Amino acid sequence: MGKRRQDPVEVNADGSADLYEISTWEPRSTLDRFAHWLYHIGIRTLRYLVVITAIAILLLQVAFGSLGALGDQPLFAGMAILSAVPALGLAAYIYYADVTTQEPLTLLVGTFLLGVLFAGFAGVLNGIFGRPVQAIGSGFGLVPFLGQVFFFFLIVGPVEETVKLLAVRLYAFRDTRFDAVVDGAVYGAVAGLGFATIENALYITQNTEMTAGTVQLLAASSDITAVRALAGPGHVIYSAFAGYYLGLAKFNPDDAGPIVLKGLLIASLIHAVYNTLASPVTAIAATIYNVDFLVAFFGFVIVYDSIFGLLLLKKIHAYRQAYSRAHEDPDETTIHPEQTEFDP
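Residues numbered from 1 in each chain as written. Predicted model: local features only at pLDDT ≥ 70, side-chain atom pairs only at ≥ 80, totals over all residues. Heavy atoms only, no water.

As annotated in an unreviewed UniProt entry, the protein carries the name Protease PrsW and comes from Haloarcula rubripromontorii.

Here we come to the overall build of the protein. Summing up its helical and strand segments, the protein has 11 helices and 0 strands in all. In the protein, the order of α-helices and β-strands from amino to carboxyl end is α-α-α-α-α-α-α-α-α-α-α. When burial is assessed residue by residue, the protein has 43% of its 344 residues classed as buried. Within the protein, counting contacts between residues at least 6 apart in sequence, those at least 24 apart form 75% of the total. Looking at the protein as shown, the accessible area adds up to about 18,300 Å², and 68% of this sits on carbon and sulfur atoms. (Helix = DSSP H or I, 4+ residues; strand = E, 2+ residues; numbered from the N terminus. Buried < 20%, exposed > 50% of the residue type's maximum accessible area, 1.4 Å probe, protein only. Contact = heavy atoms within 4.5 Å. Areas by Shrake-Rupley, 256 points an atom, 1.4 Å probe, with all protein chains shown as cover.)

One finds I94, F118 and Y274 to be the most contacted residues of the largest nonpolar core, which totals 73 residues. Where this core is concerned, the elements lending two or more residues are α2 (30-64), α5 (85-97), α6 (105-138), α7 (145-169), α8 (183-208), α9 (214-250), α10 (256-289) and α11 (293-328). When residues of this core are assigned to their parent elements, the largest contribution, 12 residues, is made by α9. Dropping the residues within four chain positions of it, F118 is found in contact with V50, V51, A54, V163, L166, A167 and L170. (Core = buried A, V, L, I, M, F, W, Y, C linked by side-chain atoms within 4.5 Å.)

Those places that UniProt annotates as "transmembrane region" (unreviewed entry) correspond, in this numbering, to residues 48-69, 75-95, 107-129, 135-159, 180-204, 224-247, 259-281 and 293-313. Between the first and last C-alpha atoms of residues 259-281 the distance is 32 Å; the span itself is 100% helix and 0% strand. The span residues 293-313 shows a helical share of 100% and a strand share of 0%, and its end C-alpha atoms are spaced 29 Å apart. (UniProt positions renumbered as here; feature names shortened; annotations may be inferred.)

What sets the pattern is the α-helix's 3.6 residues per turn: residues three or four places apart point alike. Taking 1.5 Å of rise per residue, the 36 residues of α11 would be expected to cover 52 Å, and the 51 Å separating its terminal C-alpha atoms lies within 8% of that figure. The N-cap residue of α11 is D292: its side-chain oxygen and the backbone nitrogen of L294 are 2.9 Å apart. (Expected span 1.5 Å × (residues − 1). Polar contact = N/O pair within 3.5 Å; in protein donor to acceptor, adjacent residues only side chain to side chain.)

Here we come to the packing of aromatic side chains. Taken as a whole, this structure holds 13 aromatic pairs when the rule is applied. Between Y319 and Y323, the aromatic rings sit 6.5 Å apart at their centres with planes inclined by 25°, giving stacked as the arrangement. Of this pair, Y319 and Y323 both sit in helix α11, 4 residues apart, which is roughly one turn of the helix. Ring pairing ties together the aromatic residues Y238, Y274, F300, Y304 and F308, which thus form one cluster. The lysine or arginine in question, K164, covers the ring of F195, its NZ or CZ lying 5.5 Å from the ring centre. A cation over an aromatic ring shows up here: K250 above the ring of F173, its NZ or CZ 4.9 Å from the ring centre. (Phe/Tyr/Trp six-rings, centres within 6.5 Å; stacked < 30°, edge-to-face > 60°. Lys NZ or Arg CZ within 6 Å of the ring centre and 35° of its normal.)

A few words now on the pattern of salt bridges. This structure, assessed with the given rule, holds 4 salt bridges. Across the pair E26 and R28 runs a salt bridge whose closest N-O atoms are separated by 2.4 Å. A salt bridge links E161 to K164, with the shortest nitrogen-to-oxygen separation between them at 2.9 Å. Residue E161 and its partner K164 are both found in helix α7; the two are separated by 3 residues, about one turn of the helix. (Salt bridge = Lys/Arg side-chain N within 4 Å of Asp/Glu carboxyl O.)

A few words on a nonpolar patch on the surface. A contiguous nonpolar surface patch, about 520 Å² in accessible area, is contributed by I284, I288, Y289, V291 and V295. In terms of residue count, α10 provides more of the nonpolar patch than any other element does, 3 residues in total. Along the polypeptide, V291 turns up in the loop between α10 and α11. (Patch = residues over 30% accessible without salt bridge, like charges linked within 9 Å, V, L, I, M, F, W, Y side chains within 5 Å.)

Laid out in structure tokens, this is it:
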């Protein structure tokens with residue numbers, strides 16, 4: 001554990017006096033033990049409640065929403081998996097860029113599944129707040145595009161990056177094997193992969209399930225799959241940024257809140273700017289260069305993701321260099337910080 005801050009009474013005490021409930025505390029009485037038990041039960045119950053709610057939302061999407069089409073139409077499931085391949089490749093690269101101990105499969109799979117589950121929260125919140133916020137933005141007398149900008153910056157970016165970070169915070173972060181700052185980027189990337197996978201499946205089923213005919217269905221789903229495959233790596237990059245700062249917060253508990261907030265702000269901003277620029281920049285590029293919209297979109301995504309992907313890799317590379325330097329010098333202490341918590 002990190003060094004506990006001490007009250008002045010405790011700092012100057014000679015150890016002869018009992019400072020219980022003066023400047024120190026531990027469970028002694030029945031009420032103490034009950035309060036201690038109730039607190040931890042409450043926190044644990046809240047975590048389970050969050051997961052159960054996420055599972056319920058996913059089941060409702062399968063039973064009554066467009067996700068149910070995945071079982072009826074195998075093509076949708078195949079396209080959804082195919083669309084996640086680029087995001088998987090990027091997440092795998094970030095995983096192998098981790099110079100510290102190899103991350104356990106249980107934590108990686110658990111984080112991925114939570115990323116899938118918590119996407120439902122984003123869908124619900126985006127739906128609830130989307131129209132009011134867009135209406136406020138459009139109400140300034142400018143084009144409806146301003147309403148979309150408000151929606152991307154105030155709702156979509158913050159909400160989606162928060163739920164992806166929650167997928168890391170709720171499980172992997174609490175494990176003792178999350179033992180380095182850079183682990184946050186790895187688990188953030190995996191959470192982003194899970195989120196992108198289910199989001200891609202939703203887009204593909206929602207936009208092609210009404211298409212009639214096998215040939216038309218294949219053509220429509222192929223186009224949407226290509227678009228979603230290009231969008232997937234962005235989710236990995238955004239949440240890897242937020243995850244890195246979550247890892248930094250774990251080993252700097254005194255400033256954990258501002259550090260986590262900084263990571264979320266960075267991820268949300270990059271995410272919102274992408275959503276805002278994707279359509280207009282692509283349309284302009286397609287017109288100027290007289291190319292297909294999908295080709296122009298591909299070029300936009302490559303440029304945008306390359307800029308922020310390289311910034312992310314630069315941050316991870318800086319950590320790798322610091323780690324290597326610390327291990328080259330035997331007099332240096334190894335970078336394996338002890339477990340610290342900032343709960344709840």
